[in-house]
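# Secondary and tertiary structure notes
Given next are the chains, with one letter for each unit.
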Amino acid sequence: MKLLLLGGNGQVGRALRKSLLPLGELVVATRDGDGADLAVDFLRPETLGERVRAVAPEVVVNAAAYTDVDRAETERDAAFAVNAAAPGNLARACAGIGALLLHYSTDYVFDGNSDCPYLEDDQPAPLNVYGASKLAGEQAIRASGARHAILRTSWVYSAHGGNFLETMLRLAAGRDTLRVVADQFGAPTPAEWLADATVRILDRGVGGSGIWHLAASGRTSWHGFAEAIMQEACQRGLLARGPRVEAIATSERPTPARRPLHSLLDTAKLRRDFGIVPPDWRTGVATTLQQLAASCTFD
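Residues numbered from 1 in each chain as written. Predicted model: local features only at pLDDT ≥ 70, side-chain atom pairs only at ≥ 80, totals over all residues. Heavy atoms only, no water.

## Looking at the overall build of the protein chain
Let me state the cut-off plainly: Under the DSSP-based scheme used, a helix requires at least four consecutive residues in state H or I and a strand at least two consecutive residues in state E, with every element numbered from the N terminus. Note that the radius of gyration is over C-alpha atoms, with the globule rule given as 2.2 Å times the number of residues to the power 0.38. Whether two residues are in contact is decided by their heavy atoms: any pair within 4.5 Å suffices. Note on areas: these come from Shrake-Rupley sampling with a 1.4 Å probe, and a residue is covered only by the protein chains present in the view. In this charge count, Lys and Arg are treated as positive and Asp and Glu as negative; neither His nor the chain ends contribute. The atoms used to mark charge sites are NZ of Lys, CZ of Arg, CG of Asp and CD of Glu.
Looking only at helices and strands, the protein chain has nine helices and 13 strands in total. A compact globule built from 299 residues would reach a C-alpha radius of gyration of about 19 Å, and the protein chain, at 19 Å, matches this within 12%. Taking the principal axes of the C-alpha coordinates as reference, the protein chain spans close to 55 × 40 × 40 Å. For the protein chain, the proportion of contacts with a sequence separation of at least 24, taken over those separated by at least 6, is 78%. Of the roughly 12,900 Å² that the protein chain leaves accessible, carbon and sulfur atoms contribute 47%. Each charge class in the protein chain was averaged separately, 31 positive and 34 negative side chains, and the resulting centres sit 1 Å apart.

If you want it as structure tokens, here you go:
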């Protein structure tokens, strides 16, 4: 098949570059259009339809997103352009050529007031601009008439790029104590597993449109995630010693954007429809740090 990957330089996009290749002809689009990549500007969403029609893919995989949760509070227009208007235009272009649109969304479409993992059809209620913009993107795709698969995920990280894991390792190299929020709960999900699961979904075939939750299994807090990172990094020689990880409340570290306290995603529909069983979140941390240990060392 012919595929168009948008956002090829992001965390998930970089992993998808490798994972999607065996499926057929892959065209990659990025903001700067480096090398052989196409240049696309998600801040000008009105231009995206032309790009889709020119490539004429059978599948469009949209891994591009505005992901700075706190900055989105003061850059609402940019967040909605990238996360809402752009996916809507992509979807309408896909509808016009009969292409499938596979799009990633987020656990932050929910308010986190439920103690149970969220189902796909639970009522969204985002707490911040980022979550609202991603929900608007979902709604635009669903209204477009395009065949689509919206994949909601959570707490995405990888061995490279700006993410929580990278931040914790960088801070750990120069501090004796890290103070990390312990009352927000979710499931850290590695970008490489997301990419591999995406390929399995496309291999299996998306018979009809819908939303699926695609996230690691298990439950932890940001504090628990940080402790696991320190433990695995020390075991693999990425850190000479791990700092003490101190648990704090959300109220002790105020941020511009409110976060949901519980944003676990139920993945039963993913298992039923595609036979994908998500790994425990700890497995992803260990695998990602093993990959990082093979490529670099933190002093």
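From this point, the discussion proceeds with the structure in view.
## Here's the deal with the packing of helix α2 (residues 48-55) against helix α3 (residues 76-97)
Rules: Helix axes use the C-alpha atoms of the stretch in contact, all axes being lines fitted to C-alpha atoms, and the angles between their N-to-C directions lie in the range 0 to 180 degrees. Left-handed describes a crossing in which the near helix is turned anticlockwise from the far one by less than a right angle; the clockwise case is right-handed. Each residue gets one label: Ala, Val, Leu, Ile, Met, Phe, Trp, Tyr, Cys and Pro are nonpolar, Asp, Glu, Lys and Arg are charged, and the others, such as Gly, are polar.
Following both chains from N to C, one finds α2 and α3 inclined at 35°, their axes separated by 8 Å at the closest point. Relative to α3, α2 is oriented so that their crossing is right-handed. Here Leu48, Gly49, Val52 and Arg53 of α2 come into contact with α3, specifically with Ala86, Leu90, Ala93 and Ile97. When the residues that make up the contact of α2 with α3 are grouped by side-chain class, the tally is six nonpolar, one polar and one charged.

## Digging into the nonpolar core
Condition: Definition used in this section: a nonpolar core is a set of buried Ala, Val, Leu, Ile, Met, Phe, Trp, Tyr and Cys residues joined via side-chain atoms within 4.5 Å. Classification of residues uses two cut-offs on accessible area relative to the type maximum, computed with a 1.4 Å probe and protein chains only: under 20% is buried, over 50% is exposed, and between them is partly exposed.
Formed by 58 residues in total, the largest nonpolar core has its most connected members in Phe42, Met168, Phe225, Ile229 and Leu289. Those residues in contact with Phe42 that sit more than four places away from it in its chain are Leu6, Leu48, Asn62, Ala64, Ala81, Val82, Ala86 and Leu90. Val28, Ile201, Phe274 and Ile276 belong to the second largest nonpolar core, which has 31 residues in total.

## Looking at helix α4 (residues 129-144)
Every α-helix carries 3.6 residues per turn, so stepping three or four residues along brings you back to the same face. Heads up, the condition is: An expected span of 1.5 Å times one less than the residue number is assigned to each helix. Polar contact is the term for a pair of N or O atoms within 3.5 Å; when the atoms are in protein, one must be able to donate a hydrogen and the other to accept it, and sequence-neighboring residues count only if both atoms are side-chain atoms.
Taking 1.5 Å per residue as the helical rise, α4 with its 16 residues ought to reach 22 Å, and the 22 Å between its terminal C-alpha atoms agrees with that figure. All of the buried residues in α4 are Val129, Tyr130, Gly131, Ser133, Lys134, Leu135, Ala136, Gly137, Glu138, Ile141 and Ser144. Its buried side turned inward, α4 meets α3, β5 (100-106), β6 (147-153) and β11 (210-213). For α4, the capping residue at the N-terminal end is Asn128, with a side-chain oxygen 3.4 Å from the backbone nitrogen of Tyr130.

## Focus: the packing of aromatic side chains
This is how the line gets drawn: The aromatic pairing rule takes the rings of Phe, Tyr and Trp, using the six-membered ring of Trp, and pairs them if the centres are within 6.5 Å, calling planes under 30 degrees apart stacked, those over 60 edge-to-face and the rest tilted. Whether a charge lies above a ring is judged from NZ of Lys or CZ of Arg, which has to be within 6 Å of the ring centre and within 35 degrees of the ring normal.
For the structure shown, the criterion picks out nine aromatic pairs. Ring plane angle 50° and centroid distance 4.8 Å describe the contact between Phe164 and Trp222, whose orientation is recorded as tilted. Here Trp222 lies in helix α7 (residues 222-235) and Phe164 lies in helix α5 (residues 164-172), a separation of 58 residues in the sequence. Like Trp222, Phe164 is buried. Ring geometry for Phe164 versus Phe225: centroids 5.0 Å apart, planes at 25°, classification stacked. Pair noted here: Phe164 is in helix α5 and Phe225 is in helix α7, with a separation of 61 residues, a long-range link. Classification of Phe225 as buried rests on a relative accessible area of 0%. The structure contains a cluster of three or more aromatic residues connected by ring pairs, namely Trp155, Tyr157, Phe164, Trp222, Phe225 and Trp281. Taking NZ or CZ as reference, Arg219 lies 3.9 Å from the ring centre of Phe185, over its face.

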